[in-house]
Amino acid sequence: MAGFSALIRSVSICVDQANEIFSIPEMDIEGADITPASHDIELKNITFAYENRTIIDGVDLRIPEHTTTAIVGPSGGGKTTLTNLMARFWDVKSGEVLLGGRNVKDYNFDSLMRNFSFVFQRVYLFEDTIANNIRFGEPDAPMEKVIEAAKKARCHDFIMNLPDGYDTVIGEGGASLSGGEKQRISIARAIMKDSPVIILDEATANVDPENEAELTKAIEELTKEKTIIMIAHRLKTVEHADNIVVIDGGKIVQQGKHNELMQQDGIYRIFVTDRQKAASWKL
Ligand SMILES: Nc1ncnc2c1ncn2[C@@H]1O[C@H](COP(=O)(O)OP(=O)(O)O)[C@@H](O)[C@H]1O
Ligand SMILES: [Mg+2]
């Protein structure tokens with residue numbers, strides 16, 4: 001009996017955990033296959049919470065297509081969460097996220113995802129060949145297209161120096177790449193995908209100077225003629241943006257062009273002028 005009671009207890013804990021998973025509201029992934037006429041993004045008074053903690057608190061934002069929006073602000077302010085809500089990684093608690101005038105909830109998963117590419121600082125690649133990692137999502141893509149994307153993303157030269165070139169398997173038991181190389185592979189993948197909206201989440205944070213020039217060129221190739229949303233902390237990437245959005249505590253506290261924000265008595269000016277504070281703004 002004593003033995004069984006321990007077993008029953010652990011079974012009951014597992015059942016509780018399973019029930020908890022089943023009780024998470026399932027995202028409705030019905031949706032239609034939508035090709036929006038434009039790729040303007042509009043956030044209408046959105047809020048979002050993790051459990052009971054409000055993370056995004058009444059945000060209104062318009063991002064016209066083919067513009068560059070920079071999102072800046074202190075670490076933990078909600079920058080990453082905000083971009084995740086645009087691509088419906090999470091559902092808003094209230095308000096609406098529109099892409100091309102349609103609620104993101106109207107789209108089915110594939111037709112929504114076609115619109116977005118994400119570039120992160122940390123990249124995980126598959127244990128597969130370099131070529132397959134680049135053509136991921138488009139398995140029949142011809143080799144010429146893979147190489148073209150790799151060249152634009154400044155990957156071609158280091159790939160050609162690997163033992164089996166594009167057929168080199170990466171990951172455990174295969175070739176290991178530096179962080180910067182992996183990141184450029186992920187940019188090559190995004191160049192192949194050619195989606196209209198590119199979201200860069202701290203993509204150039206903590207990049208060593210050697211990799212920075214290559215990375216910058218790769219990003220320039222990727223973002224030509226796109227709608228760009230970048231979470232960034234470096235002045236030189238932010239100051240030319242069409243709109244700079246300062247997020248603090250889940251709210252937009254300032255918004256405008258660099259010169260406008262510099263005139264205001266707000267945290268943007270502190271971000272720019274107070275280097276010490278800026279350094280502590282984790283990207
Ligand atoms: N998966 C999660 N579960 C619970 N809280 C989270 C999760 N992801 C982020 N948060 C919290 O949400 C807040 C905003 O995070 P985030 O959007 O990553 O901010 P930022 O990108 O501006 O640094 C932070 O307080 C963070 O701790
Ligand atoms: Mg973040």
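Quick notes on the rules
- Residues numbered from 1 in each chain as written.
- Chains lettered and ligands numbered in written order.
- Predicted model: local features only at pLDDT ≥ 70, side-chain atom pairs only at ≥ 80, totals over all residues.
- Near = placed C-beta within 6 Å.
- Helix = DSSP H or I, 4+ residues; strand = E, 2+ residues; numbered from the N terminus.
- Nonpolar A, V, L, I, M, F, W, Y, C, P; charged D, E, K, R; others polar.
- Buried ≥ 20, exposed ≤ 12 C-beta atoms within 10 Å, placed from the backbone.
- Axes fitted to C-alpha atoms, helices over the stretch in contact; angles between N-to-C directions.
- Parallel < 35°, antiparallel > 145°, perpendicular 65-115°, else oblique.
- Contact = placed C-beta atoms within 7 Å.
- Pairing = 2+ DSSP bridges.

S.K.: Whenever I open this one, the site of ligand 1 confuses me. Can you help?
M.R.: Contacts to ligand 1 come from Y50, I55, G73, S75, G76, G77, G78, K79, T80 and T81. The element contributing the most residues to the shell around ligand 1 is helix 2 (residues 79-86), with 3 residues. Along the lines of polarity and charge, the residues of the shell around ligand 1 split into 2 nonpolar, 7 polar and 1 charged.

S.K.: Sorry if this is basic, but what is going on with the environment of R189 here?
M.R.: Topologically, R189 is positioned in helix 7 (residues 179-193). Look at R189 and you get buried, because 24 C-beta atoms sit within 10 Å. Considering only alpha carbons, one finds R189 and A150, 39 residues apart in sequence, at a separation of 8.2 Å.

S.K.: Which parts of the structure should I look at to understand unusual backbone geometry?
M.R.: The bulk of non-glycine residues show a negative phi, and the bulk of peptide bonds are trans. With a phi angle near 65°, H66 is a residue other than glycine that sits in the positive phi range. Position of H66 among the secondary structure elements: in the loop between strand 2 (53-63) and strand 3 (68-72). Residue H66 is classed as partly exposed on the basis of its 13 C-beta neighbours within 10 Å. The phi dihedral of R154 is positive, around 60°, even though this residue is not glycine. Inspection of the secondary structure assignment puts R154 in the loop between helix 5 (143-152) and helix 6 (156-160). Taking the number of C-beta atoms within 10 Å as the measure of exposure, R154 has 22 and is therefore buried.

S.K.: Just to check I follow, could you spell out the packing of helix 7 against helix 8 (residues 209-223) for this structure?
M.R.: Each pair of packed helices can be summarised by the angle the axes make with each other and by the distance between the axes. Packing of helix 7 against helix 8 leaves a shortest axis separation of 10 Å and a crossing angle of 10°. By the angle between their directions, the pair helix 7 and helix 8 is classed as roughly parallel. Between helix 7, through G180, Q183, R184, I187, A190 and I191, and helix 8, the contact on the second element is made entirely by N211, E214, L215, A218, I219, E221 and L222. In terms of residue class, the contact of helix 7 with helix 8 is built from 7 nonpolar, 3 polar and 3 charged.

S.K.: I'm lost on the sheet that holds strand 3 in this one. Help?
M.R.: Sheets are built from strands that pair by backbone hydrogen bonding, the pairs being arranged parallel or antiparallel. Spatial strand order, 6-7-8-3-9-10: 6 strands in an open sheet with mixed pairing. Of all strands in the sheet, those bounded by a partner on one side alone are strand 6 (116-120) and strand 10 (251-256). Neighbour to neighbour, the strand axes of the sheet diverge by 20° on average, direction disregarded. Sheet analysis places strand 3 next to strand 9 (residues 243-248), joined by 4 bridges and oriented parallel. Within the sheet, the bridge partner assigned to V72 lies in strand 9 and is V246. In the packing of helix 7 onto the sheet, contacts are made with strand 6 and strand 7 (197-201), and the angle to strand 6 comes to roughly 170°.

S.K.: How should the sheet that holds strand 4 (residues 94-99) be read in this particular structure?
M.R.: Judged by pairing direction, the sheet is antiparallel, and its 4 strands sit side by side in the order 2-1-4-5 without closing on themselves. The open sheet has two free edges, formed respectively by strand 2 and strand 5 (102-103), since each of these has just one partner strand. Its contacts with the sheet put helix 2 on strand 1 (41-50), strand 2 and strand 4, and the angle it makes with strand 2 is roughly 60°.

S.K.: Honestly, the environment of G266 in this entry has me stumped. Any pointers?
M.R.: Mapped onto the elements of the fold, G266 is located in the loop between helix 10 (258-263) and helix 11 (267-273). Of the residues examined, G266 has 15 C-beta atoms within 10 Å and is grouped as partly exposed. As for G266 and V253, which are separated by 13 residues in sequence, their C-alpha atoms are 8.3 Å apart. Ignoring anything within four residues of it in the chain, the contact list for G266 reads V246, V253, Q254 and L261.

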